[in-house]
Amino acid sequence: MAVSLAVLDRIALMAVMTDEQDQVTYLNAAAEEAGALEKGDVFSPTKRPTGIRPVKSPHPVTSRFTTAIDTNSAARLIEWTVSPLDGGKTLYTGQDVTRDRKSWAILKDMARSANDASQAKMRFLATMSHEMRTPLNGILGMTGLMIDTDLDSNQRTYAEAVRESGMALLGLINDILDYSKIEAGHLELEEQVMDPAGLLQSIAELLSPRAAHKGLEIASFVAPDVPARLLGDEARLRQVILNLAGNGVKFTEEGGVSLELRVVGQNDAVPVLRFSVTDTGIGISKSNIDRIFNEFAQADDTRSRGYEGTGLGLSIAQQIVKAMGGTISVESEIGTGSTFAFEIPLPAAPDQPRTEDELKFDHPVVVATDNAFLRRMLMLQLDAAGISKVMFAETPEEALGLLSRSPRAALLCDLKFAASDGARLAKASPRAIVLLSPVARGRLEAFRRAGFSSYLIKPIRQSSLMERLTDAPQRAPRAERLDSKDVGTGPSTSRKLRVLLAEDNQINSVLATAILKRAGHYVDLAGNGREAVETFAHAPYDIVLMDMRMPEMDGLEATRRLRSQGATDTPIIALTANASTADREECLAAGMNDFLSKPFDPNDLIAMLERWTGQLEEAPRAVS
Ligand code: ADP
């Protein structure tokens, strides 16, 4: 290779030439200016004169290496490229990479501190949201108690507004806690045997009062080929579907929300399931659809303003679905509605429940409703039940016409038609069933008098539908015959319990005491764990409610002491603001039987007492 030295003199790179003994024979102008090498110095990747230090090179081969040199002005990093020349000579060209390396180091530093900061932020969020639950327990609980007292209508409205805002705040805190857990990589999925139809139905039932309040329908449908028992994390699935369905109710003013589940394929013999939530609501514009999954993002057009929310729900849902091996997608049209769906593989549980003898109904069914949403859902359900002759009537007159031509047909009649033409319609069918929303239960007697033989509460369970149609003995308690007494469901325990409550927060102890006393129980208070252990030694208690964090002695230590001092049979229930799996496991390990998350619903507290004093053999709830 012939090199024109004159050219080398004009380039900005350093150029150094050595002979076969590695001695420098030539330096270009840039190399001379740097001042670290002189003619006669020995220079090669392995031999460097003083003033030149090797640097851990990113290039392990000797065609390139990096050195630090002390130039006349400052220390610089030089990256050398080696080019062998004829006759054992070598040309080294050196490029100053000081700036690049520095920037890299700075970037690395920045990344590290950003990561530290984000971890700290997550820890902060987790701690704060946890701490906020305790005072919120007081706010929600006390307001609940206040609402149950004699208030005039203004006071009631104000108290209800406080409670609603408190509930919204609790939702936000739960979201933040979840979000911080997921961000910190603490999303642990569990695998339990779960009943998918029950899951979807319970979510629809949970949201149905809210939907009914807005005049919306809500219904669930599980295709018949979905295994009755699946293996999956039920609590996390519930969270995702509840979020999607809750949004559906929130962003819909007319029509309804459906929750559907179908098998869409097989992946190594594991069924791939598609969960979908469809609403007939405001829809989402194309420009917003990509951003709504980002945290704290809300569709920014005027239509969705006025709906409260944090914009965390979808981002959490997406992370959970991702962890389950799927993705969430959305299809939406402004003014028509949205479908949020995700597909995940979920194995069928090894033990499937015995399929009960399928109920068969051989007569036609007339569905009388002008609500398109309800028609569609009933069609899916009746079709899945194998009922082939289904007729739809969009007016009472149409229904009467159909029934007169099929005198043995059953009638499924919505509330509106039952209210306007109930007597005529009920008379026209040997099996007239009225479909009620949960808020319309009070009108049962009127419908019975009109001639309806039974009723179904929406959202309608598949099993209840068939039981009503075939008149099979009732399994589900929600579908009742109109001629049976409509008994109210109240707490069943009448026994007065002696409860020891260990709680250091005064407001929370006043709250729990009020709830317990109102339910007719006796309560003794202990301000910390030590007091609880001492009080317990003097008097027998039926059950102990134990706060986790207390001064002097915490709930865990107090429980261990109680257990070691012979209180082996008394149920001890943790009252905890901690929702994490680890904390709950710690409670159980210390000898507690169960736990109740703060803020708790008064009904949950009473139900917990009943569960543990009525049937002590019951196992603790699954840790979620
Ligand atoms: P939030 O509802 O708490 O604001 P989400 O993350 O659940 O947070 O939803 C983010 C945004 O996506 C909502 O604010 C809303 O603008 C939009 N969105 C979600 N679901 C629907 C829906 N079913 N219909 C219309 N818009 C929706």
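Residues numbered from 1 in each chain as written. Predicted model: local features only at pLDDT ≥ 70, side-chain atom pairs only at ≥ 80, totals over all residues. Heavy atoms only, no water.

Participant: Which residues make up the overall build of the protein, and what values go with them?
Facilitator: If you tally the helices and strands in the protein, you get 18 helices and 23 strands. Taking all 624 residues of the protein together, 47% fall into the buried category. The contacts in the protein between residues at least 6 apart in sequence include a share of 60% that link residues at least 24 apart. (Helix = DSSP H or I, 4+ residues; strand = E, 2+ residues; numbered from the N terminus. Buried < 20%, exposed > 50% of the residue type's maximum accessible area, 1.4 Å probe, protein only. Contact = heavy atoms within 4.5 Å.)

Participant: Tell me about the confidence of the model for the protein, and please be specific about residues and values.
Facilitator: Summarising the model, the protein shows a mean pLDDT of 83, and 88% of its residues fall at 70 or more. Confidence over residues 483-493 falls short of pLDDT 50; this stretch has nine contacts with residues more than four positions distant or in other chains. Contacts of residues 615-624 to residues separated by more than four positions or lying in other chains number 24 contacts, the stretch itself having pLDDT below 50. (pLDDT = per-residue confidence, 0-100.)

Participant: How would you sum up the environment of P396? Please name residues and give values.
Facilitator: The residue P396 is located in helix 10 (residues 396-405) in this model. Taking the relative accessible area as the measure of exposure, P396 reaches 15% and is therefore buried. Remark: the alpha-carbon pair of P396 and T369, spanning 27 residues in sequence, is separated by 8.1 Å. Contact partners of P396, with chain neighbours within four places excluded, come to F417, S420, D421 and L425.

Participant: Quick rundown of the sheet that holds strand 10 (residues 256-267)? Include the residues and the values.
Facilitator: Strands sit in the order 8-10-11-13-12 across an open sheet of five strands; the sheet is mixed. Single-partner strands in this sheet number two, and they are strand 8 (217-222) and strand 12 (327-333). Between one strand axis and the next, the sheet turns by 15 degrees as a mean value, whatever way the strands run. With seven bridges joining them, strand 12 and strand 13 (residues 337-345) adopt antiparallel strand pairing. Residue pairing in the sheet places I328 in a bridge with F342 of strand 13. Strand contacts of helix 5 (residues 196-213): strand 8, strand 10 and strand 11 (270-279), with the helix running at about 175 degrees to strand 8, the strand carrying the most contacts. Of the strands in this sheet, strand 12 and strand 13 are in contact with helix 8 (residues 313-323), which crosses strand 12 at around 135 degrees. (Pairing = 2+ DSSP bridges. Axes fitted to C-alpha atoms, helices over the stretch in contact; angles between N-to-C directions.)

Participant: Please set out the packing of helix 10 against helix 11 (residues 415-427) residue by residue, giving values where relevant.
Facilitator: Two elements in contact, helix 10 and helix 11, have axes separated by 10 Å at closest approach and are oriented at 30 degrees. One finds that helix 10 runs roughly parallel with respect to helix 11. Relative to helix 11, helix 10 is oriented so that their crossing is right-handed. On the side of helix 10, the interface is formed by P396, E397, A399, L400 and L403, while helix 11 contributes F417, S420, D421, R424 and L425. (Parallel < 35°, antiparallel > 145°, perpendicular 65-115°, else oblique. Left-handed = near helix turned anticlockwise from the far one by under 90°.)

Participant: Can you tell me about the sheet that holds strand 19 (residues 498-502), naming the residues and giving the values?
Facilitator: Read from one edge of the open sheet, five strands run 20-19-21-22-23, paired in parallel fashion. Looking along the sheet, the strands with just one partner apiece sit at the ends: strand 20 (522-526) and strand 23 (594-597). Taken over all neighbouring pairs, the strand axes of this sheet differ in orientation by 20 degrees on average, direction set aside. By the bridge criterion, four bridges tie strand 19 to strand 21 (residues 543-547) in an arrangement that is parallel. Opposite L501, over in strand 21, you have L545 as the bridge partner. Each of strand 19, strand 20 and strand 21 touches helix 15 (residues 529-538); the most contacted strand, strand 19, lies at about 160 degrees to it. Contacts between helix 16 (residues 555-564) and the sheet are confined to strand 21 and strand 22 (572-576), with strand 21 contributing the most and set at about 150 degrees to the helix.

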